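Letter by letter, the chains look like this.
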Amino acid sequence: MNTTGIPLRDPAVSAAAGDTEQLERAYIDASTRVPVLMFYTSAIAWLVLGTVLAMVVSFKLHSPDLFGGVSFLTWGRLRPAHMNMMVYGWASMAGMGTAVWLMARLCRTTLRFPLLLAAGGAFWNLGVLIGVGAILLGDSTGFQWLEFPRYVAVILFVAYTLMASWAVLMFRHRRGDQIYITQWFLLGAFLWFPWLYAAGQLMLFVVPVQGVLQSAVTWWYANNLLFLWFGAIALGAAYYMIPKVIGRPVYSYHLAIIGFWTYALFSSWTGMTRMVDGPFPAWMITASIAATILTMIPVATIGLNHHLTMQGYFPLMRYSPTLRFTVFGAMSYTVFSVIGVLISLRSVASYVNFTQVSIGYSHLGLYAFFTMTIFGSMYYIVPRLVGREWRYGSLIKLHFWSAAYGIGLMTLMLLAGGFLQGANMENPALPFSESIETVMPYLRGRSIAGILLTISNFIFAYHFGLMLLGLGRTSTVPTFLNPVEAETSGGH
Amino acid sequence: MKGLAPLFIGIFGTFAFSWVGLTVIPTWQIGSLNPQSDEEGTDIYPRPQSGMFQRGAHVYAANGCVYCHSQQVRADYIADDIERKWGDRRSAPRDYIFQRPVFLGKMRMGQDLANIGARAPAPEESPSPAGGASPSGAPATQGAGASPAAAPAASPSSGSSPATASAASPVTSPANAASPNASPPPGQRTGVASPSPGQMANTTPGGSSPAAPSAQTPGAPWPIQTAGLPPMYSAAWHHVHLYAPRSINPDSNMPAYRFLYEKRRIAGERSAEALQLSGGDAPPEGWEVVPTYDAKCVVAYLMGLNQSHPLKEVRSVGGAPAAAPSPAPAAQGASPAPAAGASPAAPKK
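Residues numbered from 1 in each chain as written. Chains lettered and ligands numbered in written order. Predicted model: local features only at pLDDT ≥ 70, side-chain atom pairs only at ≥ 80, totals over all residues. Heavy atoms only, no water.

K.L.:
Run through the overall build of chain B, naming residues and quoting values.
P.N.:
Counting its regular elements, chain B contains 12 helices and 2 strands. For chain B, the N- to C-terminal ordering of α and β elements is α-α-α-α-α-α-α-α-α-β-β-α-α-α. The 349 residues of chain B split such that 54% are buried. Once local pairs closer than 6 in sequence are excluded, the contacts in chain B between residues at least 24 apart make up 71%. (Helix = DSSP H or I, 4+ residues; strand = E, 2+ residues; numbered from the N terminus. Buried < 20%, exposed > 50% of the residue type's maximum accessible area, 1.4 Å probe, protein only. Contact = heavy atoms within 4.5 Å.)

Next comes the structure, spelled out in structure tokens:
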């Protein structure tokens, strides 16, 4: 395998590519260099921290006396701390970095005021840091996915405005009439997130809704964050990376458009499937289940589109880390959605609603789909920002396989264990504790999967650190002008 | 450029559609429910919660109890929650109108807590350091109302020596006799108030016979009453359970919330609030473990979780729950000894 592993072909313009186009791209990449690298660095720092917490959380679930008795190390605080670190620290930062870079590329415009963007990133990090600290010190709001206290929400919102407004502004200054499908998804994500976040905060804290509606708002928020924020960014990235790497246009643009609109329309309605048979008017839950079933339309169109684009090019996954991670993520999107439909059906949900299946589902969405896709994008983007290629192909391979086996094993354990847990819970002949004892071996298995994921994330962080320090390889095939200084320090 | 307006309108439109559909319309539909009451305007349910309950809810949030415990009972034709004795009826939006934050929960690594307060043994209205809580609060209409009183009230029975407990027992029965409220809780109360056996069950360490009846409850989600521990789901029991979950159920994977308790040297005589611990969890000689105010609040919160009151919009299983306890005193009157042992299970229904 080519050690650089980076796709060296530059398809869309390869025939007509003049120096000017390459130069232009180099300029664009250079303009995004500081903020995107800053977003990526902080995202990966959060990823590593969140992974460590995840291990502790996972072990504590079956060994509850581990680090017992310390208030900020109690399971019920570590779990939301881990979750929020991953959601707001890792995934949001990595997603925004990717989205900003993609937006600049696709709008063919340089990023204005990159330092303001970096300042926004710093604020965001501050918000996540304070928020995680607040959770550990016992100041969680108690709303799942929205545990950060109100004062943190303000910081995050200001930070977000600093970051996203420039991305949207880029869209205004874009060159060329064509709007690529990725831009649709990214624009959607950038506009959906603030509304979503503001609506969640307003309806829970500023003018709080009554009783169970708080839960309805929470899960509406959680699922929309998953789909309209993370999902939209990941799908946008996949729509860019796959055609880019294999050097072939998207199979059908019409399919892509159908996929986008049905995705926006249906996935935004799925929140209540987390509360099937809960104390809500039945129509809310039924509407969400129907919407979840209808998400099969975007799944089918997007999946089919990627598949037909990739047709005949699957062997390239052997060489390109970007392609390999991205295709894994895109396939996981299908799996994630199909499982989402299955567990939302009333007959199934009555078994699995209160089990580890929901944890498995969330990890499938956030790790197998989103994180793997973003890893793919990072493998593409980072070399273009630092002017070096990834140093070790073997590390990338190790990263991929430990991540793939890790998340695969974790999903398997949580889904299988969760189904058994639910089956025993719904069997009143058995004592309740039986359902817990049933799932325990699977939770230990999940901890093993967690070790694999820890390895994978640490490898990636180490590799990224090498890139950041300029220890990557100097590119063997100069597809681009390096956006950074042309020093030759490679090869040690 | 031409496609831009539809793109923006579509992005906002799809989102607004879901926002209106899943949050605004429901708010309009069930966003301002009132408590229900009977024709005379009495028997109001639910009632606003006490300050301790509110603070307890924040302790509950802070320590992430919601990540393992749900607080919603599903209908009997959907799931087995009711058969598991987690409630007499499904939960309804009206049950939660005074709860903020609301903890419906999404996980059952532990039991459902929607009715944990209803499972408590009848509150003992003994003269006790019950704090500011009025013992005769509103127990008749809602168990939740009585919870803050119950929390501190029940603890002395565990903390104190058998002698004190039995000394308190004569006081208990007059208190109950005096209380004129003639709805479910008094029914339960008479069960426990049957003077000395009730106390014996609490205090006699070797009292295996009382444990037997509750153990036989088929499919009951809760563990068997362990000898030597406070009666299940009493405030004292909750404190022991929070402090040392595995002293009650060795297989429990619940974290121990020791940081909510204070271990201190006994000054003078042992505090009435001190936890009744045994084995490896017990503090060394001359020391005692007492709950902090946060611990008392979270127990008051747990004791206040009670959806046993019937709701007009929801069918209760097994007829009107108001009628359910009435046979119980009769049965208990017939055979006092098992009745005492059944006290953990009896107040359930």
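K.L.:
If you had to explain the side chain of H62 of chain A to someone new, which residues and values would you point to?
P.N.:
For H62 of chain A, the position within the fold is in helix 1 (residues 19-62). Among the polar contacts made by the side chain of H62 of chain A, one reaches the side chain of S447 of chain A at a distance of 2.7 Å. (Polar contact = N/O pair within 3.5 Å; in protein donor to acceptor, adjacent residues only side chain to side chain.)

K.L.:
Break down the environment of L364 of chain A for me, with residues and values.
P.N.:
Residue and element names in this part refer to chain A. As for its position among the elements, L364 is in helix 12 (residues 357-386). With relative accessibility at 6%, the residue L364 sits in the buried group. Taking the C-alpha atoms as reference points, L364 and G329, 35 residues apart in sequence, are found 9.7 Å from one another. The contacts of L364, once residues within four sequence positions are left out, are V335, F336, I339, F369 and T411.

K.L.:
With reference to specific residues and values, describe a nonpolar patch on the surface.
P.N.:
The grouping of F59, L66, F67, I451 and I455 of chain A at the surface amounts to a nonpolar patch, some 400 Å² of accessible area in total. F59 of chain A sits in the partly exposed class, given a relative accessible area of 31%. (Patch = residues over 30% accessible without salt bridge, like charges linked within 9 Å, V, L, I, M, F, W, Y side chains within 5 Å. Areas by Shrake-Rupley, 256 points an atom, 1.4 Å probe, with all protein chains shown as cover. Salt bridge = Lys/Arg side-chain N within 4 Å of Asp/Glu carboxyl O.)

K.L.:
Quick one: what's the story with the interface of chain A and chain B, residue by residue and with numbers?
P.N.:
Contacts between chain A and chain B engage 89 residues on the former and 73 residues on the latter. Regarding the contact of chain A and chain B, the summed buried area is about 6900 Å², with carbon and sulfur atoms giving 66% of it. Counting the contacts that link chain A with chain B gives 2 salt bridges. Here R74 of chain B makes a salt bridge to E426 of chain A, at a shortest N to O gap of 3.0 Å. For the side of chain A that touches chain B, the leading source of residues is helix 5 (residues 181-206) of chain A, giving 10 residues. Of the residues belonging to the side of chain A that touches chain B, the class tally is 52 nonpolar, 27 polar and 10 charged. (Buried area = accessible area lost by both parts, 1.4 Å probe. Nonpolar A, V, L, I, M, F, W, Y, C, P; charged D, E, K, R; others polar.)

K.L.:
Could you give me a rundown of the environment of F59 of chain A, with the residues and numbers involved?
P.N.:
Residue and element names in this part refer to chain A. Counting through the fold element by element, F59 comes out in helix 1. In this structure, the C-alpha to C-alpha distance between F59 and F230, residues 171 residues apart in sequence, is 27 Å. What F59 contacts, discounting residues up to four positions off in sequence, is L66, S447 and I451.

K.L.:
I'd like to hear about the state of the cysteines, residue by residue, with values.
P.N.:
Residues and elements named next belong to chain B. This structure, assessed with the given rule, holds 0 disulfides over all chains. Here C68 stays unpaired: no disulfide links it, and the sulfur of C65, its closest cysteine neighbor, is 8.9 Å away. Between C297, a cysteine without a disulfide, and C65, which holds the nearest cysteine sulfur, the sulfur-to-sulfur distance is 13 Å. (Disulfide = S-S within 2.5 Å.)

K.L.:
Can you lay out the confidence of the model for chain A for me, pointing to particular residues and giving the numbers?
P.N.:
Residue and element names in this part refer to chain A. Summary statistics for chain A give a mean pLDDT of 89 and a share of 93% for residues scoring 70 or more. Per-element confidence in chain A is highest for helix 8 (residues 282-294), whose mean pLDDT is 96, and lowest for helix 4 (residues 150-172), whose mean pLDDT is 88. Per-residue pLDDT stays below 50 along residues 1-16; that stretch engages in 41 contacts with residues further than four places along the chain or on separate chains. In the model, residues 477-492 has pLDDT below 50 throughout and makes 31 contacts with residues more than four positions away in sequence or in other chains. (pLDDT = per-residue confidence, 0-100.)

K.L.:
An account of the packing of aromatic side chains is needed here, citing residue identities and associated values.
P.N.:
Per the stated rule, a full pass over the model turns up 57 aromatic pairs over all chains. Centre to centre, the rings of F260 of chain A and W261 of chain A are 4.8 Å apart; their planes meet at 75°, and the pair counts as edge-to-face. The class of W261 of chain A is partly exposed, set by a relative accessible area of 24%. Centre to centre, the rings of F103 of chain B and Y301 of chain B are 6.3 Å apart; their planes meet at 90°, and the pair counts as edge-to-face. In this pair, F103 of chain B is assigned in the loop between helix 2 (51-62) and helix 3 (143-159) and Y301 of chain B in helix 10 (residues 293-304), connecting sequence segments 198 residues apart. (Phe/Tyr/Trp six-rings, centres within 6.5 Å; stacked < 30°, edge-to-face > 60°.)

K.L.:
Quick one: what's the story with helix 2 of chain B, residue by residue and with numbers?
P.N.:
All names here are of chain B. Taking 1.5 Å as the rise per residue, helix 2 with 12 residues should run 16 Å; its terminal C-alpha atoms sit 17 Å apart, in good agreement. Here helix 2 has its buried residues at M52, F53, G56, A57, V59, Y60, A61 and A62. Phi turns positive one or two residues past the end of helix 2, at G64, with a value near 65°. (Expected span 1.5 Å × (residues − 1).)

K.L.:
Talk me through helix 2 (residues 75-107) of chain A; I want residue IDs and the actual numbers.
P.N.:
Residues lying three or four places apart along an α-helix face the same way, a consequence of the helix completing one turn every 3.6 residues. Residue and element names in this part refer to chain A. Counted at 1.5 Å a residue, the expected span for helix 2 with its 33 residues is 48 Å, and the 45 Å between its end C-alpha atoms agrees. For helix 2, the principal kink sits at M86 and spans about 30°. The element helix 2 is extensively covered by neighbouring structure, given that 33 of its 33 residues are classed as buried. After helix 2 finishes, the residue R108 shows a positive phi value of roughly 50°. (Bend = angle between axes of the 7 residues up to and from the residue.)

K.L.:
Which residues make up the packing of helix 6 (residues 213-246) of chain A against helix 7 (residues 253-267) of chain A, and what are the values?
P.N.:
All names here are of chain A. One can describe the packing of helix 6 onto helix 7 by two numbers: an axis separation of 10 Å at closest approach and a directional angle of 170°. Judged on the interaxial angle alone, helix 7 and helix 6 are roughly antiparallel. Crossing hand, helix 6 versus helix 7: right-handed. Residue-level contacts link N224, F227, L228, G231, A232, L235 and Y239 of helix 6 to A256, Y263, A264 and S267 of helix 7. Classifying every residue of the contact of helix 6 with helix 7 by side-chain character gives 8 nonpolar, 3 polar and no charged. (Axes fitted to C-alpha atoms, helices over the stretch in contact; angles between N-to-C directions. Parallel < 35°, antiparallel > 145°, perpendicular 65-115°, else oblique. Left-handed = near helix turned anticlockwise from the far one by under 90°.)

K.L.:
Help me get a handle on the pattern of salt bridges, residues and values and all.
P.N.:
All names here are of chain B. Per the stated rule, a full pass over the model turns up 16 salt bridges over all chains. Notably, a salt bridge pairs R108 with D81, separated by 3.0 Å at the nearest N-O pair. Separated by 27 residues along the polypeptide, R108 in the loop between helix 2 and helix 3 and D81 in the loop between helix 2 and helix 3 bring together distant segments of the chain. For the salt bridge of R258 with D281, the shortest nitrogen-to-oxygen distance reads 2.9 Å.

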